[in-house]
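A look at the structure
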Amino acid sequence: MTDTLKDFRSICRKIICIGRNYSEHAKELGNVVPTQPIIFMKPSTALVIEPNDIKIPSEWDELHHEVELGVIIDKTCQNVSKEEAEENIGGYCLALDMTSRKIQDDLKKQGHPWLLSKGFDTSCPCGDFIEKNQIDLSSVNLWLNVNENIKQNGHTCDMIFSVPDLIVFISKYITLEHGDLILTGTPSGVGPVKRGDQITAGINGKDDFKYTMKFNVV
Ligand SMILES: O=C(O)/C=C/C(=O)CC(=O)C(=O)O
Ligand SMILES: [Mg+2]
């Protein structure tokens, strides 16, 4: 792992996101559970870091919160095998996939891409680099509060497609590059936030490792 990866938020070229990777979340939105990963992207301009705010575009009233484990790619790679997948991970981060559910639903009805609903500026609040050795992929806890009320509390063991499965799938079609970020999907409990709300999110990893971040919604 090279030192520049700690600064992944300024070198990130692609944010690849996974949809419906937790069956309870797929069901809460009335979607079928996927049989292969659903992928979409956010532009790197979607990234926002503390102490900056999540900005709801002026003509929208609310966004949905989605807390997710972010995987940061170290080595540029293509056609990765499941055995080699973990070697290409440089570290992790806590991330949010902020979404306009209303716009997404309208786009879905028309069969259009989700980009506007998920790729607007500040739609990807993101925490600091987390060292690889602090995370056991099978037992990460992700949680999210809105105004100190718990809304999401999930575990990566409930992912439909594991992180290695996701790297294998994506790298078959898209070259993964140093600093790329993969958002691995959200557990259930997604819901609305409005201007004036505060989101606190956290990740609990190995050996009492804990990381939290806070964002105001404006
Ligand atoms: O299909 C839908 O209605 C919504 C899907 C998502 O927003 C997918 C995700 O971003 C996710 O599962 O994390
Ligand atoms: Mg998501």
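Scroll up to find the structure.
Reading the values: the criteria
Residues numbered from 1 in each chain as written. Chains lettered and ligands numbered in written order. Predicted model: local features only at pLDDT ≥ 70, side-chain atom pairs only at ≥ 80, totals over all residues. Heavy atoms only, no water. Donors = N, O, S within 2.8 Å, 3.2 Å for Na, K, Ca; no water. Helix = DSSP H or I, 4+ residues; strand = E, 2+ residues; numbered from the N terminus. Buried < 20%, exposed > 50% of the residue type's maximum accessible area, 1.4 Å probe, protein only. Polar contact = N/O pair within 3.5 Å; in protein donor to acceptor, adjacent residues only side chain to side chain. Contact = heavy atoms within 4.5 Å. Pairing = 2+ DSSP bridges. Axes fitted to C-alpha atoms, helices over the stretch in contact; angles between N-to-C directions. Salt bridge = Lys/Arg side-chain N within 4 Å of Asp/Glu carboxyl O. Near = heavy atom within 4 Å. Nonpolar A, V, L, I, M, F, W, Y, C, P; charged D, E, K, R; others polar.

Okay, the coordination of the magnesium ion (ligand 2) next. Only E66 (OE), E68 (OE) and D97 (OD) from the protein coordinate the magnesium ion (ligand 2), and they sit 2.0 to 2.1 Å from it. Counting along the primary sequence, the residues that act as donors to the magnesium ion (ligand 2) give the motif E-x1-E-x28-D. Placement of E66 in the loop between β4 (62-65) and β5 (67-73) and of D97 in the loop between β6 (89-96) and α3 (101-109) is noted, with a sequence separation of 31 residues between them. Residue E66 is classed as buried on the basis of its relative accessible area, which comes to 3%.

In this section: the side chain of N31. With respect to the helices and strands, the residue N31 is situated in the loop between α2 (23-28) and β2 (38-42). For N31, a relative accessible area of 16% translates into the label buried. A distance of 3.3 Å separates polar atoms of two side chains, one belonging to N31 and the other to K108. Ignoring sequence-local partners within four residues, the contact set of N31 consists of R20, A26 and K108.

In space, the four strands of this open sheet follow the order β10-β9-β13-β14, with antiparallel pairing throughout. The open sheet terminates on both sides in strands that have one partner only, identified here as β10 (149-155) and β14 (210-216). Put simply, the sheet's adjacent strands are angled 15° from each other on average, direction ignored. Here strand β13 (residues 198-204) pairs with β14 via seven bridges, running antiparallel. Along β14, the bridge assignment pairs I199 with F215.

A side chain with one charge can pair with a side chain of the opposite charge if their charged atoms come near. Within this structure, the stated rule accounts for 13 salt bridges. In this structure, K14 engages D180 in a salt bridge whose closest nitrogen and oxygen atoms are separated by 2.7 Å. Placement of K14 in the loop between α1 (8-11) and β1 (15-19) and of D180 in the loop between α5 (163-173) and β11 (181-183) is noted, with a sequence separation of 166 residues between them. Residue class for K14 comes out buried when judged on its relative accessible area of 11%. The class for D180 is buried, based on a relative accessible area of 1%. Beyond isolated ion pairs, a larger network of salt bridges with shared partners links K42, E66, D97, R101 and K118.

Contacts to ligand 1 come from 17 residues, most closely from R20, E66, D97, K108 and K118. At 2.6 Å, a side-chain N or O of R20 approaches an oxygen atom of ligand 1. The separation between an oxygen atom of ligand 1 and a polar side-chain atom of E68 is 2.9 Å. For the shell around ligand 1, the element with the highest residue contribution is α3, accounting for three residues. Its residues placed into classes, the shell around ligand 1 shows four nonpolar, six polar and seven charged.

Structurally, F120 is set in the loop between α4 (115-119) and β7 (124-125). Take F120: its relative accessible area is 9%, and that puts it in the buried class. Excluding its chain neighbours within four sequence positions, the residues that come into contact with F120 are A46, K55, P57, W60, L63, M98, S100 and L115.

Here the focus is the environment of D180. A C-alpha to C-alpha distance of 16 Å links D180 and G119, two positions 61 residues apart in sequence. Here D180 is in contact with C12, R13, K14, V71, I72, I73 and T175, once residues within four sequence places are set aside. Of the polar contacts made by the side chain of D180, one reaches the side chain of K14; its length is 2.7 Å.

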